[in-house]
Amino acid sequence: MINIDSYAYSNHLKKIHPGEKSLFAMITLAVCLTSPTVITPLIVLALMAGLIIFKAGIPGRVFLKLLLVPFSFLVLSVLTIAFSISTDPSGFWIAETINGLTIGIRYPDLNTAAQLFLRSLGAVSCLYFLALTTPMTEIITVLHKLRVPVIITELMLLIYRFIFVFMETAITIKRAQSSRLGYVSLKISYRSLSRLFSALLGKVFVKSQELYNAMAARCYTGEIKVLTKKYPVNLRNYLLIIGLELPLILINLLGRR
Amino acid sequence: MPEIILEAFNLDYSYPDGTKALRTINLKIEKGEKLTILGSNGAGKSTLFMQFNGLYRPNSGSIKYQGQAISYKNKPLIELRKKVGIVFQDPDSQLFSSSVYQDISFGPLNLGLSDQEVEARVDQALIDTETTDLEYKPTHLLSYGQKKRVSIAGVLAMEPEVIIFDEPTAGLDPRHAREFMQLLKNLSDEGKTIIISTHDVDLAYSWSDRLVIMSSGEIIAQGEPGELFLQPELIEQADLALPWLLEIYCGLVEKGWFPTSTPLPKTREELLLILPLASMNISPIPKDSK
Ligand SMILES: Nc1ncnc2c1ncn2[C@@H]1O[C@H](COP(=O)(O)OP(=O)(O)OP(=O)(O)O)[C@@H](O)[C@H]1O
Ligand SMILES: [Mg+2]
């Protein structure tokens, strides 16, 4: 997760307007999910992989690894859809019959499974595109502009910041403990870990108090108002989005028999 | 008579857990002065700073801004905080946003300025603290000193009358510490009142108009830096050390390189200026003739 985050700040597409990237990712996601065939998801997957690796300059290895995260989960669920067990051996495409029970794959099921698999992978690649190229703070700003309730965007802003503060604290405590042999045996590990959690809890409390004080010192009045660096709006990008999405939508429509 | 801008009057403060952090503090701060607060760890410096813009409320006594005891109601507190800014000791508790730009824009936006004005101020603060190239980095990937500079920028952008810095140079490398002191000089020339706390005695000695020394919640001395540092008992009591300039100066006077009446050098240059040249071939003044 930290890795994704660092790439979001250092990729070649970081200077592109976050609204354009979000729009592109979301439309493609919708097109991919509503596709009746496997062609659109395949194109989407290739498109996103190309953009992430060649345009954003993120190593292909990283993208592959990220795709593998949902992979095992996807394979499992796809297998349960593809395989069926029945007492009636008819209609199977590949099957094995043992003691009157037929285990196998029916052709329409295989089709559904493949479609589901590719659609999910395509959708995931859209989200990765957004996550790898757009910093969280920018996404929050986009949500704010889309009139998502302030309470949600403010919470996201603070939570996002504090995930890192606490992770750093936890890592520091863990390191301090290990360097004093806090994790040499299972029993000691349990004790150290419980201390880590209680220390962290105390920190959360103190830190939140300090944060409130620091914000109050800067005239906080109950609403977090911030400015975000302006990004240039690029008409070409909008045309590009339309140019890419229209054919995909067309393919979807043609595939709907 | 110089104008008193901030004043602590008979201030007492205990933390909820019973720690008596401040005891009968009386301190007057003049408009436009450069004040340094020295004191060992736990002396109460940070606690005192929190009193100055109403973040903590004293148990007894009061804080006065321009002669008026401050009110702890919402509106007047905000007015006070527009005038008195604090840069906290720990940048991690001050930075609330992961975006450098967003964090710096927070304060000036709360002043009710226009977006354009805020942008101009943020850009200026980024330049003043040399953080322009960090603008696109998230705060969690910054080093400690970089975070410190961003948190300083966040308060500078509000342009308060009185700026309080809690250990501003701790964690800064020598170059950035020096540049920060230059920034403080510029702010001071603009007429801002500046209060800092530090453990750096050299800095305290060279930079400040006036020193305040705290020990276990009390002010044990205040006055001219030269005057205070030449009192060995005081230095001992407050766990301080002598600035190197004074140490050398005292040594040279001791060895008779110049008379005791020589004014104290405030900077390295001043010390070099009063040092006699070796080519002048003067031998040390004999000890008994002094
Ligand atoms: N939130 C708190 N609750 C209880 N006691 C506290 C709290 N914060 C500080 N103290 C105590 O108050 C006293 C003064 O602390 P303070 O932080 O003001 O010291 P300081 O002079 O800033 O020290 P340092 O140089 O280490 O920053 C200390 O004894 C400290 O233990
Ligand atoms: Mg302190």
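The structure this text deals with has already been given above.
The structure contained in this document is the topic of the report that follows. Just so it is clear, the structure is predicted and the values come from calculations on it, not from any experiment. (Residues numbered from 1 in each chain as written. Chains lettered and ligands numbered in written order. Predicted model: local features only at pLDDT ≥ 70, side-chain atom pairs only at ≥ 80, totals over all residues. Heavy atoms only, no water.)

## Remarks on the nonpolar core
Core analysis: the largest hydrophobic core is formed by 36 residues, its most contacted members being Leu-6, Ile-25, Leu-27, Leu-48, Phe-52, Ile-195 and Met-214 of chain B. Aside from chain neighbours lying at most four places away, what touches Ile-25 of chain B is Ala-8, Phe-9, Asn-10, Leu-11, Leu-48, Met-214, Gly-217, Glu-218 and Ile-219 of chain B. Among the nonpolar cores identified, the runner-up in size contains 35 residues, and Ala-25, Leu-66, Ala-82 and Phe-129 of chain A belong to it. (Core = buried A, V, L, I, M, F, W, Y, C linked by side-chain atoms within 4.5 Å. Buried < 20%, exposed > 50% of the residue type's maximum accessible area, 1.4 Å probe, protein only. Contact = heavy atoms within 4.5 Å.)

## Section: the pairing of strand β6 (residues 84-87) of chain B
Residue and element names in this part refer to chain B. Neither face of β6 is open: one carries Val-84 and Ile-86, the other Gly-85 and Val-87, and all of them are buried. In terms of strand pairing, β6 meets strand β7 (residues 162-166) through four bridges, oriented parallel. When the sheet's bridge partners are listed, Gly-85 is paired in β7 with Ile-163. (Helix = DSSP H or I, 4+ residues; strand = E, 2+ residues; numbered from the N terminus. Pairing = 2+ DSSP bridges.)

## Re the interface of chain A and chain B
Taken together, the contacts link 34 residues of chain A with 39 residues of chain B. Between chain A and chain B, the buried area comes to about 3400 Å², and carbon and sulfur atoms account for 60% of it. The largest per-residue losses of area from chain A upon contact with chain B belong to Arg-161, Arg-218 and Leu-227 of chain A, which jointly make up 27% of the total buried on that side. Taken together, chain A and chain B are joined by five salt bridges. The salt bridge involving Lys-229 of chain A is made with Glu-135 of chain B; its shortest N-O contact spans 3.1 Å. Remark: the boundary between chain A and chain B carries 13 residue pairs in polar contact (both at pLDDT 80 or more). (Buried area = accessible area lost by both parts, 1.4 Å probe. Salt bridge = Lys/Arg side-chain N within 4 Å of Asp/Glu carboxyl O. Polar contact = N/O pair within 3.5 Å; in protein donor to acceptor, adjacent residues only side chain to side chain.)

## Re the site of ligand 1
Residue and element names in this part refer to chain B. Around ligand 1, the surrounding shell holds 15 residues, and the nearest of these are Gly-42, Gly-44, Lys-45, Ser-46 and Thr-47. Take Tyr-15: an N or O atom from its side chain is 3.4 Å from a nitrogen atom of ligand 1. For ligand 1, whose unbound accessible area comes to 640 Å², protein coverage reaches 66%. Across the shell around ligand 1, the residue classes break down as three nonpolar, nine polar and three charged. (Near = heavy atom within 4 Å. Areas by Shrake-Rupley, 256 points an atom, 1.4 Å probe, with all protein chains shown as cover. Nonpolar A, V, L, I, M, F, W, Y, C, P; charged D, E, K, R; others polar.)

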